[in-house]
Structure formats: C-alpha cells, structure tokens
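Report on the structure
Now for the letters of each chain:
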Amino acid sequence: MSISHAPPVSEEPDISPVPASDLDLQPLVPASSRRTRVPRWLRRAAGPVLLLALWQLLSGTGALPPDVLASPGRIARVGGDMLADGSLTAAMGTSLQRVAGGLLLGLVVGTGLALVAGLFRIGEDLVDAPVQMLRTVPFVGLIPLFIIWFGIGEAPKVAIITLGVTFPLYLNVYAGIRGVDAQLIEAGESLGLSRWGLVRHVVLPGALPGAMTGLRYSLGIAWLALVFAEQVNADSGIGFLMVQARDFLRTDVIVVCLVVYAFLGLLADFIVRSLEKVLLQWRPTFTGR
C-alpha cells in the first residue's frame, strides 16, 4: 500500500502595494525638537523680568528700604536724568577710552609673550616662569606702585587694565598653541610646509579657539580692573560717579553705574562671540539640546 504525499503548497506573502490613503503616516520628529514652542528670547528674558518684579515688590512694600537699595523705577528715572544732562554719556566715553587703551596694550603684550613662549622652547624657558609668578600677584595690590611710578593721571589706570588683560590672554593663547595636535604638525611637514608655513597654516588656526576664549575672559577682567582704577584718584568716568554717589549715599546712582558696566560688558562679549562665528566657521561645536 503506497501513500502518496502531495507537494507542500508554498504561501507567498502578499506584496501588493497598499494605497497611500490607507497608511497612517506620521512625521519623525527629533527628540531635541520635542519641546514647547516658546521663543528662546522669551525664555532668556523670563529670569531677569521675574527678578525685577520681585525687586519692585519688595521696594514697594517697604521690605527693601531705599537707603539700602533703590527701587527699579527710581533707578530708571535717575538713569534717564543722567542721560539727559550728559553726565552719564561723558563718563561712559571716558571709561571706554581707558578700557580700549588697556585692552589694546594687553592684547599686544599678552599675545606677544604667548607666541614667544609657545613657539620656541627657549622662549618658554625665559618667559613662562616669570609670567606665572607675576600672574599670582593681585593686580589691584599694585595700584600704589603704579601711582608712584606713573603719577595720578591716566597712565596708572590704563596700566592696571593692561595688567589685568595680559595674563588671561597669555594663558589661553599659550595653551592653544601647545594644544595643537602633533599629527597635524607632522602632516604639514610631510606636505613640505616651512616653519613659518606650519605656524601660519597649522599652529595659529589651531590656537585661535583658545585665543578667542582668552579674549572674552580678558574683556571681563578689563571691566573689573576699570572699576578699581576709576576709584583711585579719578575725576571722571563711571567709577568716579560711583565714588561720588557713595559719599552721598545715593544707591540709585551706584546701581545705574553698575548697570552701565554690565551692559558694556555684555556688548563687548557679544562682539567677541560674533567674531568667533566669523573666524571659527570651520570648527563644528555642540550648541546644546
């Protein structure tokens, strides 16, 4: 008795196309963009606005007396009056001139020393140790010496700003030069670049991010040094207005001057960050999620 087996029937999957109207298509949204659509400028402004509202509330209820800290409304009125009579504008012009002079000299000195120490071993041996020693000395403590050396005019004020700018710029430029990848140097040498060609096309572009960081940090130190410089034998500038306001217990004028310092510092930082976007287009960076 023979039993015949029927061949198995192959079932092929149905691969006929499905009409697009029957598909429930949903767009893929990156995780980084799955957020509330609140404008970034609004999120950044929320903190300062809430702080000002709390400040005004405390001043209005008397919890914050005016002789301790004036209210935001009072400060705004005083600032408008100082702009109207020209006293604040003249003080800003004088302070900007001092910062510009000290920053320019600090850029030349700090960058020059960093190039000498970073590009040459003998330069490092001669320059780095004295600079590291001097940078640990508080530049504010040198004000009496600067007054003895340069008098009570503009020179000691510019010298204080120059000293404050020089050291952070030196450290960042020097670290940027020495942080260049050695493989890039070898690649440049294999392509036949001369020593100057390596410096120009490899070392300096590689050190540029560190130099920009040093410049931003130096700008912050420049405004800090200006505050000290203008409170010593000054007869003009924003710091001079603060000294006068301190003598008459005018907290509103003091806060106006501090706000001006803050806005000038933010403006300088914005300029450097814009410069970074232009000069460092080749460097991809993480911008947050």
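Residues numbered from 1 in each chain as written. Predicted model: local features only at pLDDT ≥ 70, side-chain atom pairs only at ≥ 80, totals over all residues. Heavy atoms only, no water.

Along the protein chain, the regular secondary structure elements total ten helices and zero strands. Helices and strands in the protein chain line up, N terminus first, as α-α-α-α-α-α-α-α-α-α. When the 289 residues of the protein chain are sorted by exposure, 31% land in the buried category. The contacts of the protein chain with a sequence gap of at least 6 include a subset with a gap of at least 24, amounting to 72%. Counting every atom, the protein chain has about 19,200 Å² of accessible surface; 66% of that belongs to carbon and sulfur. (Helix = DSSP H or I, 4+ residues; strand = E, 2+ residues; numbered from the N terminus. Buried < 20%, exposed > 50% of the residue type's maximum accessible area, 1.4 Å probe, protein only. Contact = heavy atoms within 4.5 Å. Areas by Shrake-Rupley, 256 points an atom, 1.4 Å probe, with all protein chains shown as cover.)

For the structure on display, the rule yields four aromatic pairs. For the pair Phe 146 and Trp 149, a centre-to-centre distance of 6.0 Å together with 55 degrees between the ring planes defines the contact as tilted. Highlighted residues: Phe 146 and Trp 149, both in helix α5 (residues 143-150), separated by three residues, approximately one helical turn. Trp 149 sits in the exposed class, given a relative accessible area of 55%. Aromatic side chains Phe 146 and Phe 150 sit 5.8 Å apart centroid to centroid with 50 degrees between the ring planes, which places their arrangement in the tilted category. Placement of both Phe 146 and Phe 150 in helix α5 is noted, with a separation of four residues, approximately one turn of the helix. The buried category is assigned to Phe 146, whose relative accessible area is 8%. A residue is classified by how much of its surface remains accessible, and Phe 150, at 43% relative accessible area, is partly exposed. Taken together, the ring pairs connect Phe 146, Trp 149 and Phe 150 into an aromatic cluster. (Phe/Tyr/Trp six-rings, centres within 6.5 Å; stacked < 30°, edge-to-face > 60°.)

Here we take up helix α10 (residues 251-279). Compared with an ideal rise of 1.5 Å per residue, which puts 29 residues at 42 Å, α10 spans 42 Å between its outermost C-alpha atoms and is within 8% of the ideal. Every buried residue belonging to α10 is among Thr 251, Asp 252, Val 253, Val 255, Val 256, Cys 257, Val 260, Tyr 261, Leu 264, Ala 268, Val 272 and Glu 276, and all of these are buried. For α10, the elements touching its buried residues are α1 (40-61), α2 (72-84), α3 (87-119), α8 (195-229) and α9 (238-247). (Expected span 1.5 Å × (residues − 1).)

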